[in-house]
Amino acid sequence: MDSAGVDRAVLLGWYWETHESCAWQNRFYADCVRAYPDRLSAFAAVHPAAGEAALVEIRRAHSEGLIGLGELSPHSQHIVMDDPRWLAVLELAGALGLPVNLHVTDPSPATGNYPGRVETPLADFAGMSQAFPNVSFILAHWGGCWWRHGVRMPGNVRFDTAASPLLYEPAVFAEGIAACGADRVLWGTDYPLDLYPRDPVTEPMNGFFAQARAALPAGVAGNVLGGNASRLLRLASDA
Ligand SMILES: [Zn+2]
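As the structure is a computational prediction, the values presented were derived from the model and not from experiment.

## Quick notes on the pairing of strand β3 (residues 69-72)
The pairing of β3 with strand β4 (residues 100-102) spans two bridges and is classified as parallel. Bridged to Leu-69 within β4 is Val-100. Since β3 and β4 lie parallel, the crossover through helix α3 (residues 84-96) that links them has a hand, and here it is right-handed.

In structure tokens, the structure reads:
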């Protein structure tokens, strides 16, 4: 973070296969935030199949200072969109004011058949965000470039840029901002994922920060690289 010029990171969790792993990560992240409150914030992991225990875990993570849910992936966690246990998670997220970050796979075959690819129909996210208008959703990986696929996303949906160099050319920044609006795009990395596997020299966070700055249209860098996230997540302003 220091070498890349990043002053605050929001740690996102993983969509673990078990409730116990989610809870373990949440305790670890709470420790991280307590150790570096001026540099780190964190979202909580949760497995909807845990039912009531998942709701208890969300409340606990919230009380420990975690500020969102995600990255979640009901599609990867084998939860259907109308599963009452998933709907209860979203209802609680709305009640507690926790934004929800979700993994999205671009349906285009051009984004590749990488290990771990899980199809996530874009209509699922549009329907979910319509059904929960009081929840702020953040769709990861540019929301699968939803605008290329004839989908409309409601105003309570934002998008992050995590793993963008592995999926898209830098021109996606201008295209995505034109489609989404600059106030709905949050710079995400997927760090420590290696975003430049063919380039052993470039450190991922440094490289992607520099690439994003170069690719962002004039006048929007401050918002995409921090301002939007600060307002959504009510982060301490150090700008
Ligand atoms: Zn993801």
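Okay, back to it.
## Structural notes on the coordination of the zinc ion
Donor atoms from the polypeptide that coordinate the zinc ion comprise Glu-71 (OE), His-103 (ND1) and His-141 (NE2), at 1.9 to 2.1 Å from the metal. The sequence pattern describing where the donors of the zinc ion fall on their chain is E-x31-H-x37-H. Of this pair, His-103 sits in the loop between β4 and α4 (122-131) while His-141 sits in the loop between β5 (137-139) and β6 (157-160), and the two are 38 residues apart along the sequence. Here His-141 falls in the buried class, since its relative accessible area comes to 5%.

## Observations concerning the pairing of β6
In this structure, β5 lies alongside β6, joined through three bridges in parallel fashion. For Leu-139, the partnering residue across the bridge sits in β6 and is Phe-159.

## Re unusual backbone geometry
Keep in mind that most residues, glycine aside, have a negative phi and that most peptide bonds are trans. The omega torsion of the bond from Gly-70 to Glu-71 falls at -10 degrees, within 30 degrees of zero and hence cis. Here Glu-71 shows up in strand β3. The step from Tyr-191 to Pro-192 runs through a cis peptide bond, and the omega angle for that step is 10 degrees. With respect to the helices and strands, the residue Pro-192 is situated in the loop between β7 (185-186) and α7 (204-215). We note that Cys-145 has phi near 50 degrees; this positive angle belongs to a residue other than glycine. In this fold, Cys-145 is placed in the loop between β5 and β6. The buried category is assigned to Cys-145, whose relative accessible area is 0%. Unlike most non-glycine residues, Arg-234 shows phi in positive territory, near 50 degrees.

How each quantity is defined
- Residues numbered from 1 in each chain as written.
- Predicted model: local features only at pLDDT ≥ 70, side-chain atom pairs only at ≥ 80, totals over all residues.
- Heavy atoms only, no water.
- Pairing = 2+ DSSP bridges.
- Helix = DSSP H or I, 4+ residues; strand = E, 2+ residues; numbered from the N terminus.
- Right-handed = clockwise from strand over helix to strand, strands pointing away.
- Donors = N, O, S within 2.8 Å, 3.2 Å for Na, K, Ca; no water.
- Buried < 20%, exposed > 50% of the residue type's maximum accessible area, 1.4 Å probe, protein only.

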